[in-house]
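Architecture at a glance
Below, each chain spelled out in residue letters.
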Amino acid sequence: MNSLNTLRLGLRSQHSRQLNGVQNVIKQYSSAKNEEIIIPKRIHRGPTDILRVLASTVKPDPTAPHYKYHDDPYLTPQSNVGKRSFALSKESGRKAAQWIRAQNAELFQHKVAFPPVEAFYPRAVYDENSEVDEEVLKQVIKDVLVSDAITVYQLLEKNGKNISHSTKQSLLELLCFFNCEDTLPEDMIEERWFRHGVLRKDKHRKTWKDNGLAEAIFRSFESPDSVSYCTLLQGMTRYYQVDRAWHLYEEMKEKRISLTRDAYNSLIRVVCFLREGNEHRWQLIQELLTEMSKQKMQPNTGTLNAVLEAVSSMGSQKHVKTYALRLLAEMRRVGVQPSLASYYYLLITFCKERGPISTILVDIMNAIEGQTFTIQDPKDTFFFVTAMDICRNHLQDLELAHRVDRLLHVGDNYDLIGDSFKESIYYRHYFVLLCNMEPLEVFMGYYNKLVPHIYIPEPAVMEEVIKAVDMNGAAEHFPKLWSDMVIFDHIERANNVAAILSGMVKYEPQEPNDLTKKFSEIALDAWNKLEVGVDEEKYRQFRWTGPVLGNIMILCLRGGKFDNALDVLNKLEKDQNNIVGIPTVEALQSFIDACVSQNKPREGIQCIQYAADAGFPETGKFAQHLSRSLDLNAEQVTKLTNIVGQEVIQATKTESAAEQ
């Protein structure tokens, strides 16, 4: 009974507290009823915004491999070929899975996600027996399936079904943009990343499909409007069918059909294919811009970039640069802001390979330093690689290169590096500039930061690094460089092997130490890989030279590996006709000294025989040193006499008797 009373009292007390709280809220509201309540506007958040914010709190680690590779030192690729093969093989696996799913669509009818994700389901296959309608055509156009759109359109035409003008227009835009060819799917990120650098070589070749489906659809319109004309014109100029594009433009003028701003931009971009001579080209550009002005058409960044692209291909005359600067000032006056592509065109206009030195990049960096950029033009991705090229080859300016690199890492600017080809060239220029102009220890800091996860030096760049280490006498870096050469598959490069062996030979301490032991192991590793492992396909093209073999011999002898040095001598003696050049005198002298110290007269005579065959003038001195230092039997004396002559041996005996 007492417990029940206690519970009742507790409930009453709780009810009193809640009632008092409500009354307090009412009093506060009454006192503030005259104040305006402002509800903030809703901020739209994307599905990955939270992830982006979290990612921004973590700085990138250049010493860690890219997330697409296994985070395991034994599985992470360490060469350019390995990175490319690894990434593309993973993508090839996804493509194989998609092919299996497409070939066996009946086996994949289960629901793998809810709500359903269309990308997870087999792709529909259309053939002459498919039942299609205009909605299907709209869907494949929306999904950017060019070949399917062509097939569905042809089926609809064959079956006599009507297609609305808007759907035909959408199909025309799709075909003109992709030139009636399937494009690489957007989810194939790695294939896009590794293939763009190869495709750039065809950028100025006519690839438009003449009399193709795009032109057939255009002709099917009863009265083509401005949008249809401009779509076909832009497609032709995009794929450099410039003659027919110009005729289409003249036809539009005759029919008084107005052009869109993008159509004008596309015509301006190919002006250099329409006129001969820079004056005529600039005159045509002015005419097109004047027409845009008469139609009260405001230019945009695309207009600026189109004119600058045309101007950049006019040569290196002084008036061409005047055109570019005048244009840039006029566009700024009307409020058109340049993109990175605009600056790229300015750079290739002013900084010609054989032209005068221009510091326009300094002015550009002063204007854009610290800013973030988004993609506005496909050529935006050419700015950073071109700017670093100019820093290295045109200006030789390391500080400016640092400024360009800092701009690249501001915000999301690294997205504008382009593709793997441009990224590699960018770091190649930056790396060589650092190697040539920074103190060695500072450069090695950059080397350890960038290599191998961000940049893998090409063989020519690695040779520059080896020479820089050699010139600075920093022999302690050679073991790491050799290890990297092995990992990067640079061992078959004769210049690199010769450079690193030559640098190690120059390091000759008073007493053997750990470094000389490492150098001898490196020399033996080179010998084993390039001679013993010659059956490997990648090493078959390597050709030995006399100086390289001589350096291997010296390093092996310094490390106490006489038998390996003898193997090198046997190689020199056996393959004289296939070896380019001869070893240095120091190499043979070192071998003779080792034979004397280890009492090996037979091997010493073999070395003297090779020296005589190779035409060394020091052969007599070698023979005298050997005969004076060792007790030779009659047979060995006879062999030595046959090599250098009786006079040399007799002179040695005379000197020995005089000394006694």
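Only a predicted model underlies this, so the values are computations on that prediction, with no experimental measurement involved.

1. What about the state of the cysteines?
Following the criterion strictly, the structure yields zero disulfides and no others. For the unlinked cysteine Cys 351, the closest cysteine sulfur is that of Cys 391, found at 9.5 Å. Taking the relative accessible area as the measure of exposure, Cys 351 reaches 12% and is therefore buried.

2. A short note on the packing of aromatic side chains
Summed over all chains, the structure comprises 22 aromatic pairs. Where Tyr 344 meets Tyr 345, the ring centres are 5.2 Å apart and the plane angle is 50°; that geometry is what we call tilted. Per residue, the accessibility class of Tyr 344 equals that of Tyr 345, and both read buried. Through pairs of rings, three or more aromatic residues link up here, namely Tyr 426, Tyr 427, Tyr 430, Phe 431, Phe 443, Tyr 446, Tyr 447 and Tyr 455. For Arg 238, the ring lying beneath its charged end belongs to Phe 177, and the centroid distance is 4.1 Å. Geometry around Phe 382 places Lys 422 over its ring, the cationic atom sitting 4.5 Å from the centre.

3. Focus: helix α9 (residues 226-238)
Along its 13 residues, α9 runs 18 Å from first to last C-alpha, staying within 8% of the 18 Å computed at 1.5 Å per residue. Of all 13 residues in α9, ten are buried, a share of seventy percent or more. Among the residues of α9, those classed as buried are Ser 226, Ser 228, Tyr 229, Cys 230, Thr 231, Leu 232, Leu 233, Gly 235, Met 236 and Thr 237. Packing partners of the buried residues in α9 comprise α6 (165-178), α8 (213-220), α10 (242-254) and α11 (261-269).

4. Some details on the pattern of salt bridges
Close approach of charged atoms lets side chains of opposite charge pair. If you walk through the whole model with that rule in mind, you get 25 salt bridges. With its nearest N and O atoms 2.5 Å apart, the salt bridge here joins Glu 215 to Arg 244. Of this pair, Glu 215 sits in helix α8 while Arg 244 sits in helix α10, and the two are 29 residues apart along the sequence. Residue classification places Glu 215 among the buried residues on the basis of a relative accessible area of 3%. Taking the relative accessible area as the measure of exposure, Arg 244 reaches 28% and is therefore partly exposed. Glu 458 is the salt-bridge partner of Arg 428, the closest N and O atoms lying 3.6 Å from each other. Of this pair, Arg 428 sits in helix α19 (residues 420-437) while Glu 458 is found in the loop between α20 (440-450) and α21 (459-471), placing the two residues 30 residues apart along the sequence. Overall, the relative accessible area of 29% leaves Arg 428 in the partly exposed class. Residues joined in a network through salt bridges with shared partners are Lys 206, Asp 210, Glu 215, Arg 219 and Arg 244.

5. Details of α19
Between its first and last C-alpha atoms α19 spans 26 Å; for 18 residues at 1.5 Å apiece the expected length is 26 Å, and the two agree. A large share of α19 lies buried, amounting to 13 of its 18 residues. Put simply, Asp 419 is the residue that caps the front of α19, since its side-chain oxygen is 3.0 Å from the backbone nitrogen of Phe 421.

6. What to know about the nonpolar core
By size, the foremost hydrophobic cluster in this structure holds 184 residues, and its most contacted members are Phe 383, Phe 384, Tyr 447 and Phe 591. Those residues within four positions of Phe 591 in sequence are excluded, and the remaining contacts are Met 553, Leu 557, Phe 562, Ala 565, Leu 566, Leu 569, Glu 603 and Cys 607.

7. Comments concerning unusual backbone geometry
In the segment running from Val 451 into Pro 452, the intervening peptide bond is cis, with an omega of 5°. On the secondary structure map, Pro 452 appears in the loop between α20 and α21. Positioned with a positive phi, Lys 296 is a non-glycine residue whose angle comes to about 55°. If you trace the backbone, Lys 296 turns up in the loop between α12 (278-294) and α13 (301-312).

8. Quick look at the confidence of the model for the protein chain
On average, residues of the protein chain score 86 in pLDDT, and 90% of them are at 70 or above. No element of the protein chain has a lower mean pLDDT than helix α1 (residues 2-31), which averages 51, and none a higher one than helix α18 (residues 398-408), which averages 96. Predicted confidence is poor over residues 198-202, with pLDDT under 50, and the contacts of this stretch with residues over four places away or in other chains come to two contacts.

About the cut-offs
- Residues numbered from 1 in each chain as written.
- Predicted model: local features only at pLDDT ≥ 70, side-chain atom pairs only at ≥ 80, totals over all residues.
- Heavy atoms only, no water.
- Disulfide = S-S within 2.5 Å.
- Buried < 20%, exposed > 50% of the residue type's maximum accessible area, 1.4 Å probe, protein only.
- Phe/Tyr/Trp six-rings, centres within 6.5 Å; stacked < 30°, edge-to-face > 60°.
- Lys NZ or Arg CZ within 6 Å of the ring centre and 35° of its normal.
- Helix = DSSP H or I, 4+ residues; strand = E, 2+ residues; numbered from the N terminus.
- Expected span 1.5 Å × (residues − 1).
- Contact = heavy atoms within 4.5 Å.
- Salt bridge = Lys/Arg side-chain N within 4 Å of Asp/Glu carboxyl O.
- Polar contact = N/O pair within 3.5 Å; in protein donor to acceptor, adjacent residues only side chain to side chain.
- Core = buried A, V, L, I, M, F, W, Y, C linked by side-chain atoms within 4.5 Å.
- pLDDT = per-residue confidence, 0-100.

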